[in-house]
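Tertiary structure, described
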Amino acid sequence: MTNQNTLDRDIRGGTAPADAHGHDHGHAHDHGHAPAAAPPAHDACCSHSGCGSASVSASAFVSAPEPADLPKGATLFRIPTMDCAVEESEIRRALEPVAGIGALRFRLGERTMAITADEAALADALAAIRKAGFKPEPVAAPAPGAARAIEPAGWKSAGLARLVAALVLAVGAESVSFLALEGRGFMVFEMGLALAAIALAGLDTYKKGFAALVRGRLNINALMAVAVTGAFFIGQWPEAAMVMALYAIAELIEARAVDRARNAIQSLLALAPEQAEVRQPDGGWQTVPASEVPLGAVVRIRPGERVALDGVVTAGSSAIDQAPVTGESIPVDKTVGDTVFAGTINQTAGLEFRVTAVAANTTLARIIHAVEEAQGTRAPTQRFVDRFAAIYTPAVFAIALAIALFTPWAMGWTWLEAIYKALVLLVIACPCALVISTPVTVVSALASAARRGILIKGGTYLEEARKLKAVALDKTGTITEGKPKLVESEVLGATAGGDAAVLAIAASIAGRSDHPVSRAIAEGLKSVDHALEEVQDFAALPGRGVEAVHGGQRYALANHRLIEERGLCTPAIEAALQRHEEAGRTVTLLASEQAVLALFAVADTIKPSSQAAVAELRALGVVPVMLTGDNAATARTIGAHAGIEDVRGNLLPEEKLDAVKAMQQRYGMAAMTGDGINDAPALAQADIGFAMGGAGTDTAMEAADVVIMNDDLRRIPETIRLSRRAHAVLWQNITLALGIKGVFFVLAVFGSATMWMAVFADMGASLLVVANGLRLMRAEKNAA
């Protein structure tokens, strides 16, 4: 994968906790995949929104665009008819001879171009762009954090009313021709109607087509311009008019459909409110634009309101619906110290939070931008289709030319008949449906995944995921929660007040310690029905535990070593310790100066979703393997609970790397799932790297190919299912596009296909593949 941009820090706010055994999970990796090459320019594609690819490489999970992202001194322009990578490449070629251009930046999803140049060079550049058939319109750079407008650019730029008028005129010309009214006046009237229809519907097509022909390139504009002009000159005026009108309208409908796929993720920006209620220096509250709220400001949200910015809760507790960001279907309880995300919905009570990211840099904005960047990358199937289309279009053009020139001698056709059939072939030659079949499918699948909390950083990983045969899973923070929990407590000795008093002593001492195991014990004993008392003379015992005075007596909350040293261990305690240690638990003992009073077993617990995820992977024919640096006994216990048979513990980072290599040799394509530094070599070696977005570190998410925003391992088999479905839809679309063209090719040469029928076939195929690709946006969680 390509890491052209850096990951903004604190996607989640906070770091991964250490587990019960002292492992630090604030780790990351530097992925080792080769950079994705920029896509080669070609002229096979049509000039409309159907070509949803962009000549930008996959990026990391990066900050959302804002004016600071523009090249220094750049001017921003909107080009309404710049819809696909082909048109971007045409603009780049047009600008090649212009001297003085410092930098260019294109965003096809927004149809914008930023250009850095001095005044004279800028004027020359704009003239060159207009000469190439495009109309650059200057626009103001968006304000920081402002949601970019999502407009039906295809409808607006093409002018629906104008195209409807062109269609009416074309129908009028067809009607005059059908009535076969004789007389020079009727012929001139028919020709005039047709010419007016062509002028209304095809002016932009002619401009772009002529510019392409001048540069010696064939694209759909050139093909349509030649076909319509040829039909007009051989006397097929009504048909020429109908072809141009139908082409323009079908192109418009197709652009609208593809915009729907492009805007599916960007529309999430509307979820974040434009205003926020901010605490003022005098303690009052004022509603201000969200884009103007600075870092560190305190914002208040009421029940039912959407969160305007990312932040950390400073007051209150409530349930938050995080589905737009993480894909979680169940609201998550939030209290002081927890992170909230822009675009999520506060449900039950008021909250106050401190802002940790400005509006332009919220997690939601970065998700949208990451997916937009991914939508701009080219999947392997798309690259294949582009190469095929680049050969296909000139080849069909050559066949059409041969039919026009040679069939009158070879087959006895009249010249007009041969030329007409050649023109029909030119219309059929348009590779729109073929070229559009891949990007719209990939964009739809990426959008569907992002809505489920799965960020796939490019079409390559979307396609390759279906080939996975094995998935390596880190243990701590991936299969397990990543933090210790009290799983069992047992009172072994009596004291005044009974068992509750013993547990209260342990809770009081543990509450003073900041050790992860002590914190787990204190948290687990919160429900003890006994008053907690302040302890005195609290002291840490390095490598052994802690001790303190409680109620006038000294107690130790310590490990096995200290109990042995003080001669308090018994055969019964030894047996209990062995039982817990075999289960992979960390055992802490509460002891007075005379005896051991209680035993506490702490362990890193398995996530509720891990067992289901492993079962789903097996059902898909993917082998799950656990790779962990933890001890073998703990690894085996967790693996058994998760349903993983191949468990490998005590692995150093380089040994995880070797394990992934062995998996690739044994099974084929293998993925690695992890959340930090000690997984880095294995993640770099794996064919696809999955990072946990909740527990993982910033660098891990930056370098990963896929980010699971809510740490739910079930998203991995879901990604594989989506990949398989997307691959099936891709080839359905390619087969559909080529099949329809093949049928009409035969009809054109040996049957009675007309030009307007060819337009219907071409644009009909385009609309069919777009509709088929858009089905992926409705992909269900368990879709195969």
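Up top is the structure.
One structure accompanies this document, and this report is about it. Predicted, not measured: the structure shown is a model, and the values here were computed from it.

Quick look at the overall build of the chain
When helices and strands are counted, the chain shows 25 helices and 26 strands. Of all 784 residues assigned to the chain, the portion counted as buried reaches 56%. Taken as a whole, the chain presents about 31,000 Å² of accessible surface, with 58% of it coming from carbon and sulfur.

Notes on the sheet that holds strand β24 (residues 670-674)
Here seven strands make up an open sheet; going across it, the order is β14-β26-β25-β24-β15-β22-β23 and the pairing mixed. In this open sheet, the two strands that pair with only one neighbour each are β14 (454-456) and β23 (646-648). Taking the axes of each pair of neighbouring strands and ignoring which way they run, one obtains an average angle of 20° across the sheet. As judged from the four bridges shared by β24 and strand β25 (residues 688-692), these two strands associate in the parallel manner. Looking at β25, one finds that Met-672 is bridged to Gly-689.

What about the side chain of Thr-407?
You can see Thr-407 is positioned in helix α10 (residues 380-410). On the accessibility criterion, Thr-407 (9% relative accessible area) is buried. Residue contacts for Thr-407: discarding those within four places in its chain leaves Ala-402, Gly-412, Trp-413 and Ala-418.

A short note on the sheet that holds strand β6 (residues 285-289)
To summarise the sheet geometry, strands pair through backbone hydrogen bonds and adopt either a parallel or an antiparallel arrangement. As summarised here, the arrangement of the six strands in space is β6-β5-β7-β13-β8-β11, forming an open sheet in which the pairing is antiparallel. With partners counted over all chains shown, the strands left at the sheet margins are β6 and β11 (339-340), one partner each.

Digging into the pattern of salt bridges
Under the counting rule described, the total for this entry stands at 19 salt bridges. Measuring nitrogen to oxygen at the nearest pair gives 2.7 Å for the salt bridge that ties Arg-302 to Glu-277. Of this pair, Arg-302 sits in the loop between β7 (298-301) and β8 (311-315) while Glu-277 sits in strand β5 (residues 275-279), and the two are 25 residues apart along the sequence. A relative accessible area of 38% means that Arg-302 is categorised as partly exposed. The class for Glu-277 is buried, based on a relative accessible area of 14%.

Overview of the packing of helix α6 (residues 220-233) against helix α11 (residues 415-428)
Following both chains from N to C, one finds α6 and α11 inclined at 155°, their axes separated by 9 Å at the closest point. Classified by the interaxial angle, the pair formed by α6 and α11 is roughly antiparallel. Of the two possible hands of crossing, α6 and α11 adopt the one that is left-handed. Of α11, the residues touching α6 (which contributes Leu-223, Met-224, Val-226, Ala-227, Gly-230 and Ala-231) are Leu-423, Leu-426 and Val-427. For the contact of α6 with α11, a count of residues per class yields eight nonpolar, one polar and no charged.

Quick look at the nonpolar core
In terms of nonpolar packing, the biggest core is built from 56 residues, with Val-424 and Met-755 touching the most fellow members. At the level of elements, α4 (160-179), α5 (184-214), α6, α7 (237-266), α10, α11, α24 (715-750) and α25 (755-774) are the ones that each hand at least two residues to this core. Broken down by element, the residue count for this core peaks at 12 residues, all from α7. Sequence-distant contacts of Met-755, that is, excluding residues within four places in its chain, are made with Ala-227, Val-228, Ala-231, Glu-239, Val-243, Tyr-420, Leu-423, Val-424 and Val-427. Within the second largest apolar cluster, 37 residues are counted, among which are Leu-446, Ile-479, Leu-713 and Ala-726.

Remarks on the side chain of Glu-547
Mapped onto the elements of the fold, Glu-547 is located in strand β18 (residues 545-550). Glu-547 gets classed as buried once you look at its relative accessible area, which sits at 13%. Side chain to side chain, Glu-547 and Arg-566 meet in a polar contact 3.1 Å long. Excluding its chain neighbours within four sequence positions, the residues that come into contact with Glu-547 are Asp-537, Phe-538, Ala-539, Leu-541, Arg-554, Tyr-555, Ala-556 and Arg-566.

Some remarks on a nonpolar patch on the surface
Side chains of Leu-401, Leu-405, Phe-406, Trp-409 and Trp-415 sit close together on the surface and give an oily, nonpolar patch of about 610 Å² of accessible area. The biggest single contributor to the nonpolar patch is α10, with four residues. Mapped onto the fold, Leu-405 is located in helix α10.

A look at the pairing of strand β20 (residues 586-591)
The element β20 is largely enclosed, with a buried count of six among its six residues. Residues Thr-586, Thr-588 and Leu-590 point to one face of β20 and Val-587, Leu-589 and Ala-591 to the other, with burial holding for every one of them. As paired strands, strand β19 (residues 553-558) and β20 are joined by three bridges and run antiparallel to one another. Residue pairing across strands places Ala-556 opposite Ala-591, the latter belonging to β20. Sheet analysis places β20 next to strand β21 (residues 596-606), joined by six bridges and oriented antiparallel. In the sheet register, Leu-589 faces β21, and the bridge partner there is Leu-599. Remark: four residues form the turn of the hairpin made by β20 and β21, two consecutive strands paired antiparallel.

Focus: the packing of aromatic side chains
Centre distance and the angle of the planes are the two values used to describe a pair of aromatic rings. For the coordinates displayed, the defined rule picks out three aromatic pairs. Ring centres of Phe-232 and Phe-233 lie 6.4 Å apart, and the angle between their planes is 90°; on these two criteria the pair is classed as edge-to-face. We classify Phe-232 as buried; its relative accessible area is 14%. On the accessibility criterion, Phe-233 (69% relative accessible area) is exposed. Relative to Trp-415, the ring of Trp-409 lies with its centre 5.0 Å away and its plane at 90°, an arrangement referred to as edge-to-face. Assessed through its relative accessible area of 66%, Trp-409 is described here as exposed. On the accessibility criterion, Trp-415 (43% relative accessible area) is partly exposed. Ring-pair connections join several aromatic residues into one group, and the members of that group are Phe-232, Phe-233 and Trp-237.

Comments concerning the environment of Leu-651
Examined against the element boundaries, Leu-651 turns out to sit in the loop between β23 and α21 (653-667). Between the alpha carbons of Leu-651 and Thr-628 there is a distance of 5.8 Å; along the sequence they are 23 residues apart. Excluding anything up to four places from it in sequence, Leu-651 contacts Leu-627, Thr-628, Gly-629 and Lys-656.

Description of the packing of α5 against α6
With their axes 7 Å apart at the nearest point, α5 and α6 run at an angle of 145° to one another. Once α5 is placed against α6, the crossing between them reads as left-handed. Along the contact surface, α5 presents Met-191, Ala-194, Leu-195, Ile-198, Thr-205, Tyr-206, Lys-208, Gly-209, Ala-212 and Leu-213, while α6 presents Asn-221, Ala-222, Met-224, Ala-225, Val-226, Val-228, Thr-229 and Phe-232. Tallied by class, residues from the contact of α5 with α6 come to 13 nonpolar, four polar and one charged.

So, the environment of Ser-175
Examined against the element boundaries, Ser-175 turns out to sit in helix α4. When its relative accessible area of 35% is taken as the criterion, Ser-175 is described as partly exposed.

Definitions and limits used
- Residues numbered from 1 in each chain as written.
- Predicted model: local features only at pLDDT ≥ 70, side-chain atom pairs only at ≥ 80, totals over all residues.
- Heavy atoms only, no water.
- Helix = DSSP H or I, 4+ residues; strand = E, 2+ residues; numbered from the N terminus.
- Buried < 20%, exposed > 50% of the residue type's maximum accessible area, 1.4 Å probe, protein only.
- Areas by Shrake-Rupley, 256 points an atom, 1.4 Å probe, with all protein chains shown as cover.
- Pairing = 2+ DSSP bridges.
- Axes fitted to C-alpha atoms, helices over the stretch in contact; angles between N-to-C directions.
- Contact = heavy atoms within 4.5 Å.
- Salt bridge = Lys/Arg side-chain N within 4 Å of Asp/Glu carboxyl O.
- Parallel < 35°, antiparallel > 145°, perpendicular 65-115°, else oblique.
- Left-handed = near helix turned anticlockwise from the far one by under 90°.
- Nonpolar A, V, L, I, M, F, W, Y, C, P; charged D, E, K, R; others polar.
- Core = buried A, V, L, I, M, F, W, Y, C linked by side-chain atoms within 4.5 Å.
- Polar contact = N/O pair within 3.5 Å; in protein donor to acceptor, adjacent residues only side chain to side chain.
- Patch = residues over 30% accessible without salt bridge, like charges linked within 9 Å, V, L, I, M, F, W, Y side chains within 5 Å.
- Phe/Tyr/Trp six-rings, centres within 6.5 Å; stacked < 30°, edge-to-face > 60°.

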